[in-house]
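Spelled out, the chains give:
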Amino acid sequence: MSINRREFLRAAGDLILATGAGSLAYPALAWADTKIPVFPEYYTYAGFYPKINPDTYRLETAGLINKPQIFTLPELYQLSKDREIETFHCVTGWIVNNVHWQGIALSHFLEQIQPQASARYVAFYSADGVYVDSLSMDQARAPGVILATHISGQPLLRKGGYPLRLLVPQMYGYKSVKWVNKIVLDSTRPQGTWEKDGYANNAYIKKGFSFMDLL
Ligand SMILES: Nc1nc2c(c(=O)[nH]1)N[C@H]1C(S)=C(S)[C@@H](COP(=O)(O)O)O[C@H]1N2
Ligand SMILES: [Mo]
């Protein structure tokens with residue numbers, strides 16, 4: 001996706017939010033696709049799909065930041081005005097083309113909580129109590145990386161990470177933590193759930209990868 005298209009989508013999001021569309025009642029940007037694509041798998045490393053109550057849900061921020069804050073879901077929806085149209089790649093081989101995401105650019109979110117100079121990694125914890133992954137500061141600020149609240153103009157599906165999931169379009173899906181409820185900045189990183197099994201921290205998608213490459 002070109003920067004121009006991203007800037008256009010963000011400007012359009014601003015316009016729609018100015019009309020009040022960012023409230024909890026009607027948070028979706030009106031011009032998104034309306035049909036949620038079916039993903040081949042809805043992973044749950046923890047063995048269950050957390051059922052999160054939107055009224056009591058909180059996103060906590062902690063660690064090496066100047067403005068630690070706790071966000072409610074309406075507060076996150078007010079910030080949710082970035083759109084990404086991206087193909088989703090699981091490292092096991094399946095992809096979903098052109099998924100329409102809406103969320104908060106992680107670079108903008110980081111501006112809100114103000115990382116300290118000593119922060120080197122951003123870790124994302126899941127409400128499932130098990131799953132975790134992380135990005136370097138540069139990776140976290142890269143264009144396209146968002147905290148997604150919506151897919152196809154609707155809140156995320158429960159099994160798809162409702163109400164908040166990370167989306168790192170440059171990397172394999174295991175970096176895109178679902179049910180995010182805590183973001184921690186630190187000088188070191190926790191070992192990620194997949195990285196424990198030998199998968200890369202820097203999980204950039206290999207263009208043209210095929211299973212033939214493994215033979
Ligand atoms: N909390 C949590 N996040 C997760 C996972 C998981 O098991 N638990 N699986 C990851 C993997 S390997 C992939 S490919 C994507 C899959 O997204 P989906 O379950 O919405 O299809 O979620 C990622 N985020
Ligand atoms: Mo995956």
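None of these values were measured; they are calculated from a predicted model.

S.K.: Hey, could you run me through the overall build of the chain in this one?
M.R.: Regarding its fold elements, the chain presents four helices and 10 strands. Element order for the chain, N to C, with α for helix and β for strand: α-β-β-α-β-β-α-β-β-α-β-β-β-β. Looking at the chain as a whole, 49% of its 215 residues are labelled buried. Taking the intrachain contacts of the chain between residues at least 6 apart in sequence as the baseline, contacts between residues at least 24 apart amount to 69%. Accessible surface computed for the chain: about 10300 Å², of which carbon and sulfur atoms make up 54%.

S.K.: Please explain the environment of Trp194 as it appears in this structure.
M.R.: Checked against the element boundaries, Trp194 lands in the segment after strand E10 (180–186). Taking the C-alpha atoms as reference, Trp194 lies 9.6 Å from Tyr45; in sequence the two are 149 residues apart. The contact partners of Trp194, leaving out residues within four places of it in the chain, are Tyr45, Val91, Thr92, Tyr131, Tyr174 and Tyr199.

S.K.: Can you walk me through the sheet that holds strand E1 (residues 58–63) in this structure?
M.R.: Paired through backbone hydrogen bonds, the strands of a sheet run either parallel or antiparallel to each other. In space, the five strands of this open sheet follow the order E2-E1-E10-E5-E6, with mixed pairing throughout. Single-partner strands in this sheet number two, and they are strand E2 (70–72) and strand E6 (132–136). Geometrically, the sheet is characterised by an average inter-axis angle of 15° between neighbouring strands, direction not taken into account. The pairing of E1 with E10 spans four bridges and is parallel.

S.K.: Is there a simple way to think about the pairing of strand E4 (residues 95–105) in this case?
M.R.: Side chains on a regular strand alternate between the two faces of the sheet. For E4, a buried count of eight out of 11 residues is recorded, marking the element as mostly surrounded by other parts of the structure. Note that strand E3 (residues 82–89) and E4 share seven bridges and pair antiparallel. By the bridge assignment, Phe88 is partnered in E4 with Val96.

S.K.: I tried to follow empty space enclosed by the protein on my own but got confused; where do I start?
M.R.: Using a probe with the size of a water molecule, rolled over the atoms, empty space left in the structure can be pinpointed. Using the criterion set out here, one finds two cavities of 30 Å³ or more in the structure. A volume near 280 Å³ is recorded for the largest cavity. In terms of lining, the largest cavity is formed by 24 residues, of which the most central are Tyr43, Arg165, Gly173, Ser176 and Lys178. Taken together, the residues of the lining of the largest cavity sort by class into 14 nonpolar, five polar and five charged.

S.K.: Any chance you could explain the pairing of E6 here in plain terms?
M.R.: Most of E6 sits inside the fold, with five of its five residues counted as buried. Judged by which residues are buried, E6 turns out to be covered on both faces: Val132, Ser134 and Ser136 on one side and Asp133 and Leu135 on the other are all buried. With antiparallel pairing between neighbouring strands as the criterion, strand E5 (residues 121–126) and E6 make up a hairpin whose turn holds five residues, including Gly129 at a positive phi of roughly 80°.

S.K.: Explanation requested: the side chain of Gln102 in the structure shown.
M.R.: Relative to the helices and strands, Gln102 is located in strand E4. A distance of 3.1 Å separates the side chain of Gln102 from the backbone oxygen of Ser80, its partner in a polar contact.

S.K.: Looking at this model, I keep getting lost on the site of ligand 1. Mind explaining?
M.R.: If you check the shell around ligand 1, you find 21 residues, and the closest are Glu41, Tyr43, Tyr45, Arg165 and Lys178. One of the backbone nitrogen or oxygen atoms of Tyr43 is found 2.9 Å away from an oxygen atom of ligand 1. Burial of ligand 1 by the protein amounts to 99% of the accessible area it has alone, namely 530 Å². For the shell around ligand 1, the per-class residue count stands at 12 nonpolar, five polar and four charged.

S.K.: How should I be thinking about the packing of aromatic side chains in this particular structure?
M.R.: Each aromatic ring pair is specified by the distance between its two centres and by the angle formed by the two planes. This structure, assessed with the given rule, holds 13 aromatic pairs. Note on Phe39 and Trp94: the rings are 6.1 Å apart at their centroids and 75° apart in plane angle, and the pair reads as edge-to-face. In this pair, Phe39 is assigned in the loop between helix H1 (3–18) and E1 and Trp94 in the loop between E3 and E4, connecting sequence segments 55 residues apart. We note that Phe39, like Trp94, is buried. With centroids separated by 6.3 Å and ring planes inclined at 45°, the aromatic side chains of Phe88 and Trp101 adopt a geometry described as tilted. Placement of the pair is Phe88 in strand E3 and Trp101 in strand E4, with a sequence separation of 13 residues. When sorted by exposure, Phe88 lands in the same class as Trp101, which is buried. Each member of the aromatic cluster is reached from another via a ring pair, and the members are Phe39, Tyr42, Tyr43, Phe88, Trp94 and Trp101.

What counts and what doesn't
Residues numbered from 1 in each chain as written. Chains lettered and ligands numbered in written order. Predicted model: local features only at pLDDT ≥ 70, side-chain atom pairs only at ≥ 80, totals over all residues. Heavy atoms only, no water. Helix = DSSP H or I, 4+ residues; strand = E, 2+ residues; numbered from the N terminus. Buried < 20%, exposed > 50% of the residue type's maximum accessible area, 1.4 Å probe, protein only. Contact = heavy atoms within 4.5 Å. Areas by Shrake-Rupley, 256 points an atom, 1.4 Å probe, with all protein chains shown as cover. Pairing = 2+ DSSP bridges. Axes fitted to C-alpha atoms, helices over the stretch in contact; angles between N-to-C directions. 1 Å grid on protein atoms, 1.4 Å probe; cavity = no way out; pocket = protein on both sides within 12 Å on 5 of 7 lines; lining within 4 Å. Points joined across faces, edges and corners; volume = space filled by probe spheres on them. Nonpolar A, V, L, I, M, F, W, Y, C, P; charged D, E, K, R; others polar. Polar contact = N/O pair within 3.5 Å; in protein donor to acceptor, adjacent residues only side chain to side chain. Near = heavy atom within 4 Å. Phe/Tyr/Trp six-rings, centres within 6.5 Å; stacked < 30°, edge-to-face > 60°.

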